[in-house]
2 protein chains.
Amino acid sequence: MVIIMQNKLKDNSVGIVLPKTVEIKYGLQLDCGKNLENFSLTYETYGELNSKKDNAILICHALSGDHHAAGYHSVADKKPGWWDSCIGPGKPFDTNKFFVVSLNNLGGCKGSTGPNTVDKKTGNEFGPDFPIITVNDWVNSQKLLADYLEIDTWACVAGGSLGGMQALQWAISYPSKIKNSIVVASAAKLSAQNIAFNEVARQAIITDPDFHDGRYNNFGVVPKRGLSIARMLGHITYLSDDSMRQKFGRDLREGKLHFGYDVDFQVESYLRYQAQAFVERFDANTYLLMTKALDYFDPAKEYNGDLSIAFENTQSRFLVVSFTSDWRFSSSKSHEIVKSLVKARKNVSYSEIESNNGHDAFLMPIPNYLGVLKNFIDNIL
Amino acid sequence: MVIIMQNKLKDNSVGIVLPKTVEIKYGLQLDCGKNLENFSLTYETYGELNSKKDNAILICHALSGDHHAAGYHSVADKKPGWWDSCIGPGKPFDTNKFFVVSLNNLGGCKGSTGPNTVDKKTGNEFGPDFPIITVNDWVNSQKLLADYLEIDTWACVAGGSLGGMQALQWAISYPSKIKNSIVVASAAKLSAQNIAFNEVARQAIITDPDFHDGRYNNFGVVPKRGLSIARMLGHITYLSDDSMRQKFGRDLREGKLHFGYDVDFQVESYLRYQAQAFVERFDANTYLLMTKALDYFDPAKEYNGDLSIAFENTQSRFLVVSFTSDWRFSSSKSHEIVKSLVKARKNVSYSEIESNNGHDAFLMPIPNYLGVLKNFIDNIL
């Protein structure tokens, strides 16, 4: 244990971290029309805020992520936070230099106010009554977190996938409060195919008899069948055809076909295992809500579909990154962002990273990717 | 009504057709080790068998297809058979010249012996006790149908997707009984990603509480939730990202977002409608069985993965066709077939058709595609 602890604390890890929770007592007007009178946000911080308070970086999570982006929660912890390869001493988000903030978004299921927390007005769990939250709502809630932390301006807001959408929205919503925006493996809007995959996942959850219109906790069950299907499907779209071939090929789990519906191929076993693990750690109502936030994001919509006009008032520098084998958020989606930023005469760098890891690449320690991030971030301060 | 009937009977339609069913009284040894003592096959024929009996073409169907490949079942019928654009007078499979046979495969749910038919031994419906059938088993059952029809040698065996696998297997299993093999939008084996999609579909069906271990008919229900999810997922993979963009874009069904889980986008409405229609016409046990036939197909497996050795004894000419936007059975899968045929010094033509219709393109009346088929087939006799 001592050795493990030493390993975690030395080198380039932020070490053991503890989440904090803040109650935000300002009302938040949501895009759906509802108003949240107050809410809690759970977050972690890595590094120190300097005296000028100009070294703060906000990390935004994706569909199934949370506030635990780096380090470990205990010495027994086997896995670090989800972006540990990028956050730590000497890493791209260098905690020797920056004060990094990572939160569980509103509507999440890891401490922040969401479907699985209690509505103080009613004394009952929100469940399906929790409002649908948009990327814009998240950014507004994150602004209130920044105010609480006395951070006037973010040196940078960064995220991958759904997190990248938040980094984009920050630049649009609060142009003077963000100096740099890092948008990785993301999109300015989902395609019909993306929405279709999300809809299949939602239907799997909603039609599970254990869903009980979202009040499953009242019945002492969870819609694990539906959530499993949603997660299995998600996994296929996070990996590339090529990476699945390399990882599993057509390898049989027991060396022979069974002529039945038990596991024949390794890839089937992998998907079932991943789904099982996910069901134990994630809330179905939150999953539904996150997919809707993805589907609804479309900042160009109110500008007749012209994204460059949506970017017109932005003041930040932008780094856009995509991965060659990512077919869920393909490079063409990043190109759309970059072209619109260029059209709006904004400062944008773009890098397409060679990788066969599909959408999951944004979580991987790919040297070129880390290098691109580091180069950009090193020039922030 | 008279006008409709005239339209259906004139031009290049085979007109009104009636399915036939034959009971095959020969035992069929299956790859799973079981033996079927006798079984029925439902089929349709279009055109006339000539006196030399050398003008017969076998059409093999895909996952959710059946024997009804061309023409109409009644004057009230709104939709023709699934390959009507290719089969008829003057069409690529020209019924003025050829005798075209199309069957519902063993294990299907449209008349042939399968999970939803009665096991004569027990007097009960087969249900989940129906054995897993392979592409090789189908070809053997089709050989018995050929014997019954007194067709010694097929002028051609043709099919798309899972149907193309049967056309390939015919050339391997009965080299002297097939003159030409047409393999459209198919593969010599599925990739891990393909298997993964099939596994998600199977899990959706099997974990539906109304599945009842496959004995749902005994309970007066069908696993419609699971079968719907399977079909929705299938549809996404049959279309291309591009065709979905053109067909639906991000169009809203009612012009506004609902901030709930009812239908917002047109693509969601389309998927739900398609799923509903499918559940009413298709059997869940058959769906499971068809996906396993796809997963298991791998003729190179017994030759150490060398497909060219599997093709060594084939005598037929081959036409292989793929479509540029088909990502479920991408052109690279057809290239694998073509390269192996070339390596085995076989007579093969290959055409990659420009199309944005995804995998579904093989069912579409794309002029270049029909032209390629027609050129090849016109030279058969």
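In every chain, residue numbers begin from 1 and rise along the written sequence. Lettering for chains starts from A, numbering for ligands starts from 1, and both go in the order in which the items are written. Only residues with pLDDT of at least 70 are given local features in this predicted model, and only at 80 or more are side-chain atom pairs given and counted; all residues enter the totals for whole chains, interfaces and linings. The side-chain figures draw on all heavy atoms in the structure; neither hydrogens nor water molecules are used.

## Comments concerning the overall build of chain A
The helix count covers DSSP runs of H or I at least four residues long, the strand count covers runs of E at least two residues long, and both are numbered beginning at the N terminus. A count of helices and strands for chain A gives 11 helices and 14 strands. Taken over C-alpha atoms, the radius of gyration comes to 21 Å for chain A, in line with the 21 Å a tight globule of 381 residues would show. Once the C-alpha set of chain A is aligned to its principal axes, its extents read approximately 65 × 55 × 50 Å. When a residue's accessible area, from a 1.4 Å probe over protein chains only, is under 20% of the maximum for its type it is buried; when over 50% it is exposed; and in between it is partly exposed. With 381 residues in all, chain A has 61% of them scored as buried. Sequence-distant contacts in chain A: of pairs separated by 6 or more residues, those separated by 24 or more amount to 70%. What the globule rule says is 2.2 Å times the number of residues to the power 0.38, and the radius of gyration is computed from C-alpha atoms. Contacts: residue pairs with any heavy atoms within 4.5 Å of one another.

## Quick notes on the sheet that holds strand β1 (residues 20-24) of chain A
All names here are of chain A. One bridge is not enough; two strands pair if DSSP finds at least two bridges between them. The eight strands are arranged β1-β4-β8-β5-β11-β12-β13-β14 in an open sheet whose pairing can be described as mixed. Two strands in the sheet have a free side with no partner beyond their single neighbour: β1 and β14 (348-353). Recorded for the sheet is a direction-independent mean angle of 20° between the axes of neighbouring strands. Direction of pairing for strand β13 (residues 317-323) relative to β14: parallel, over a ladder of six bridges. Where helices are involved, their axes are fitted lines through C-alpha atoms of the stretch in contact, as for all axes, and angles between N-to-C directions lie from 0 to 180°.

## Examining the interface of chain B and chain A
Opposite the 55 residues of chain B that make contact, chain A presents 55 residues. When two parts are put together, the accessible area they lose, computed with a 1.4 Å probe and summed over both, is reported as buried area. The junction of chain B with chain A conceals about 4700 Å² of combined surface from both sides, 68% of it contributed by carbon and sulfur atoms. Ranking the residues of chain B by area buried against chain A places R250(B), F259(B) and Y261(B) at the top, with a combined share of 18%. A side-chain nitrogen of Lys or Arg and a carboxyl oxygen of Asp or Glu constitute a salt bridge if their distance falls within 4 Å. Applying the counting criterion to the chain B and chain A interface returns 10 salt bridges. Where D298(A) meets R250(B), a salt bridge forms, and the shortest distance between an N and an O atom there is 3.4 Å. Between N or O atoms, a polar contact is any pair within 3.5 Å; within protein, one atom must be a potential hydrogen donor and the other a potential acceptor, and residues adjacent in sequence are included only when both atoms are from side chains. Where chain B touches chain A, the interface holds 21 residue pairs in polar contact (both at pLDDT 80 or more). Elements that contribute at least two residues to the side of chain B that touches chain A include exactly α4 (192-206), α5 (224-238), α6 (241-247), α7 (266-281) and α8 (284-296) of chain B.

## Observations concerning helix α2 (residues 135-148) of chain B
Residue and element names in this part refer to chain B. Multiplying 1.5 Å by the helix residue count minus one yields the expected span of that helix. Along its 14 residues, α2 runs 20 Å from first to last C-alpha, staying within 8% of the 20 Å computed at 1.5 Å per residue. Turning to α2, its buried residues are V135, D137, W138, V139, N140, S141, Q142, K143, L144, L145 and A146. Of the residues flanking the end of α2, it is E150, one or two places downstream, whose phi is positive at about 60°.

## Describing the sheet that holds strand β1 (residues 20-24) of chain B
Strand pairing in a sheet is mediated by backbone hydrogen bonds. Such pairs are either parallel or antiparallel. Residues and elements named next belong to chain B. An order of β1-β4-β8-β5-β9-β10-β11-β12 is seen for the eight strands of this open sheet, with the pairing classed as mixed. The open sheet has two edge strands with one neighbour each: β1 and β12 (348-353). If you compare each strand with its neighbour and ignore which way they point, the axes differ by 20° on average. By the bridge criterion, five bridges tie β1 to strand β4 (residues 39-46) in an arrangement that is antiparallel. The residue of β4 that forms the bridge with K20 is Y43. Contacting β5 (56-60), β10 (180-184), β11 (317-323) and β12, helix α11 (residues 367-378) crosses the sheet at an angle of about 180° to β11.

## With respect to helix α11 (residues 367-378) of chain A
Residue and element names in this part refer to chain A. Along its 12 residues, α11 runs 16 Å from first to last C-alpha, staying within 8% of the 16 Å computed at 1.5 Å per residue. Inspection of α11 places Y369, L370, L373, F376 and I377 among the buried residues, and these make up the whole buried set. Mapping the buried residues of α11 onto a view down its axis gives an arc of 135°, with all of them on the same face. Exposed residues lying more than 90 degrees from the buried face of α11 are P367, N368 and N375. On the buried face of α11, the contacting elements are β5 (56-60), β7 (93-94), β12 (180-184), β13 and β14. Directions from the helix axis toward the C-beta atoms define the arc.

## Notes on the pattern of salt bridges
As enumerated under the stated definition, the model contains 43 salt bridges over all chains in all. K91(A) is the partner of D84(A) in a salt bridge, and the nearest nitrogen-oxygen pair spans 3.2 Å. Classification of K91(A) by relative accessible area gives buried; the value is 8%. One salt bridge in this structure joins K121(B) and E37(B), with 3.8 Å as the shortest N-O distance. Residue K121(B) is found in the loop between β8 (99-103) and α2, and its partner E37(B) is found in the loop between β3 (35-36) and β4; the two are separated by 84 residues along the sequence. Its relative accessible area of 65% is what places K121(B) among the exposed residues. Here E37(B) falls in the exposed class, since its relative accessible area comes to 51%. Within this structure, E199(A), R202(A), K292(A), D295(A), D264(B), E268(B) and R272(B) form a network of salt bridges that share partners.

## Points about the pairing of strand β11 (residues 156-160) of chain A
Residue and element names in this part refer to chain A. Counting buried positions along β11 gives five out of five residues, so the element sits mostly inside the fold. Side-chain alternation along β11 places C156, A158 and G160 on one buried face and V157 and G159 on a second face that is also buried. Summarising the sheet, β5 and β11 pair through four bridges and their orientation is parallel. In the strand pairing of β11, I59 is matched with A158. Summarising the sheet, β11 and β12 pair through four bridges and their orientation is parallel. Its bridge partner being in β12, V157 is matched across the sheet by S181.

## As for the pairing of β5(B)
All names here are of chain B. Burial analysis of β5 places five of its five residues in the buried class, which makes it a mostly covered element. Here β5 shows two buried faces, one formed by A56, L58 and C60 and the other by I57 and I59. Looking at chain direction, β5 and β8 are connected through four bridges and run parallel. Within β8, the position partnered with L58 by the bridge is V101.

## Points about the environment of A293(A)
Residues and elements named next belong to chain A. Tracing the sequence through the fold places A293 in helix α8 (residues 284-296). Linking A293 and R328, residues 35 residues apart in sequence, is a C-alpha distance of 16 Å. The contacts of A293, once residues within four sequence positions are left out, are I133, V135, W138 and L162.

## A look at the domain arrangement of chain A
Residue and element names in this part refer to chain A. Residue ranges assigned to each domain were obtained from an automatic or database domain assignment. Here chain A is partitioned into domain 1 (2-189 + 299-378) and domain 2 (195-291). For domain 1 versus domain 2, the distance between C-alpha centres works out to 25 Å. Taken together, the contact between domain 1 and domain 2 spans 28 residues of the former and 26 residues of the latter. Counting every contact that joins domain 1 to domain 2 gives one salt bridge. The salt bridge partner of D129 is R215, with a shortest N-O separation of 3.0 Å. Connecting domain 1 to domain 2 are 14 residue pairs in polar contact (both at pLDDT 80 or more). Here the term charged refers only to Asp, Glu, Lys and Arg, the term nonpolar to Ala, Val, Leu, Ile, Met, Phe, Trp, Tyr, Cys and Pro, and the term polar to all other amino acids, Gly among them. Broken down by class, the residue content of the side of domain 1 that touches domain 2 amounts to 12 nonpolar, 11 polar and five charged.

## A short note on the packing of aromatic side chains
Think of it this way: a Phe, Tyr or Trp ring, Trp meaning its six-membered ring, pairs with another when their centres are within 6.5 Å, and the plane angle makes it stacked under 30 degrees, edge-to-face over 60, tilted otherwise. Summed over all chains, the structure comprises 30 aromatic pairs over all chains. Note on F323(A) and Y369(A): the rings are 4.9 Å apart at their centroids and 85° apart in plane angle, and the pair reads as edge-to-face. Taken together, the residues F323(A) in strand β13 and Y369(A) in helix α11 connect sequence positions 46 residues apart. For the pair F323(A) and Y369(A), a shared accessibility class is recorded, and that class is buried. Seen from their ring centres, F282(B) and Y287(B) are 6.2 Å apart, and the 90° between their planes marks the pair as edge-to-face. An aromatic cluster is defined as three or more aromatic residues linked by ring pairs; in this entry it consists of F197(A), W327(A), F197(B) and W327(B). A cation sits over an aromatic face here: R231(A) above F278(A), 4.1 Å from the ring centre. Criterion for a charge above a ring: Arg CZ or Lys NZ at most 6 Å from the ring centre, at most 35 degrees from the ring normal.

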